[in-house]
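So you can see what is in the structure, the chains are spelled out below.
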Amino acid sequence: MSAVEDFLSPEEEQEVIEAIRTAEKNTSGEIRVHIEHSANTDPFNRALEVFHFLKMDNTKAQNGVLIYVAVKDRQFVIYGDKGINDVVPKDFWNSTKDSIQLHFKSGHFKQGLVAGILKAGEALEQHFPWHHADENELPDNISKG
């Protein structure tokens, strides 16, 4: 097995997907998780590439959030699109990163992802509440590279 497949067990992947569904239940926002072996470049730049590749920059309200993980590099990035970046407090992404990092340092990767997803979901719900006409614009599954 590769580092990507070993990062989360199938059961843990399902728990992360459930966290995404829970976080998106009350918002028009979209949250994705992407896991790959290595960024092979600056992790932030790679996260931007993945954000575009996953078509997260095509949401109506520009309210997509990507949690990107490069397993071998031991790096992760949280990237929020313009709509969400414009409305969250300046330190929001750092506090979200700290929450994830706390769990990751202890080897609790699923818990870190779930914590970050739920925190992002709270901000999305506050600034982009769900409306009856909203539809899930992006899949909730974990993408892998």
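Participant: Please clarify how the environment of Thr-41 should be interpreted in this entry.
Facilitator: Structurally, Thr-41 can be placed in the loop between strand 1 (30-36) and helix 3 (43-53). What makes Thr-41 partly exposed here is its relative accessible area of 41%. Expressed as a C-alpha distance, the spacing of Thr-41 and Glu-18, which sit 23 residues apart in the sequence, is 30 Å.

Participant: Would you take a moment to explain the sheet that holds strand 1 for this structure?
Facilitator: Hydrogen bonding along the main chain pairs the strands of a sheet, whether they run parallel or antiparallel. In spatial order, the strands read 3-2-1-4; together these four strands make up an open sheet with mixed pairing. Edge positions in the sheet fall to strand 3 (75-80) and strand 4 (143-144), since each of these pairs with one other strand and no more. Examined bridge by bridge, strand 2 (residues 64-70) and strand 3 share six bridges and lie antiparallel to one another. Opposite Val-65, over in strand 3, you have Gly-80 as the bridge partner. Packed on one face of the sheet, helix 3 meets strand 1, strand 2 and strand 3 and runs near 130° to strand 2.

Participant: What is the right way to read the environment of Asp-140 from this model?
Facilitator: Within the secondary structure, Asp-140 sits in the loop between helix 6 (109-127) and strand 4. Judged by relative accessible area, which is 11%, Asp-140 ranks as buried. Here the side chain of Asp-140 touches Asn-136 through a polar contact of 3.3 Å, side chain to side chain.

Participant: Sorry, what's going on with the layout of surface pockets here?
Facilitator: Unoccupied space between atoms shows up once a probe the size of one water molecule is rolled over them. Taken as a whole, the largest pocket encloses approximately 280 Å³ of empty space. Contributions of two or more residues to the lining of the largest pocket are made by strand 2, strand 3 and helix 5 (92-105). Sorting elements by how many residues they give to the lining of the largest pocket places helix 5 first, with four residues. Looking at the lining of the largest pocket residue by residue, the classes come out as seven nonpolar, two polar and three charged.

Participant: I tried to follow the nonpolar core on my own but got confused; where do I start?
Facilitator: Side chains that are nonpolar tend, in soluble globular proteins, to be buried together. Counting 30 residues, the largest nonpolar core has Val-33, Ile-35, Val-69, Leu-113 and Ile-117 as its most contacted members. Listing elements by their share of this core, those giving two or more residues are helix 1 (3-7), helix 2 (10-24), strand 1, strand 2, strand 3, helix 5 and helix 6. What Ile-35 contacts, discounting residues up to four positions off in sequence, is Val-4, Phe-7, Leu-8, Val-69, Val-71, Ile-142, Ser-143, Lys-144 and Gly-145. Counting twelve residues, the second-largest nonpolar core is a separate cluster that includes Leu-66, Ala-70, Val-77 and Tyr-79.

What counts and how
Residues numbered from 1 in each chain as written. Predicted model: local features only at pLDDT ≥ 70, side-chain atom pairs only at ≥ 80, totals over all residues. Heavy atoms only, no water. Helix = DSSP H or I, 4+ residues; strand = E, 2+ residues; numbered from the N terminus. Buried < 20%, exposed > 50% of the residue type's maximum accessible area, 1.4 Å probe, protein only. Pairing = 2+ DSSP bridges. Contact = heavy atoms within 4.5 Å. Axes fitted to C-alpha atoms, helices over the stretch in contact; angles between N-to-C directions. Polar contact = N/O pair within 3.5 Å; in protein donor to acceptor, adjacent residues only side chain to side chain. 1 Å grid on protein atoms, 1.4 Å probe; cavity = no way out; pocket = protein on both sides within 12 Å on 5 of 7 lines; lining within 4 Å. Points joined across faces, edges and corners; volume = space filled by probe spheres on them. Nonpolar A, V, L, I, M, F, W, Y, C, P; charged D, E, K, R; others polar. Core = buried A, V, L, I, M, F, W, Y, C linked by side-chain atoms within 4.5 Å.

The quantities given are spatial measurements derived from coordinates; they are silent on function.
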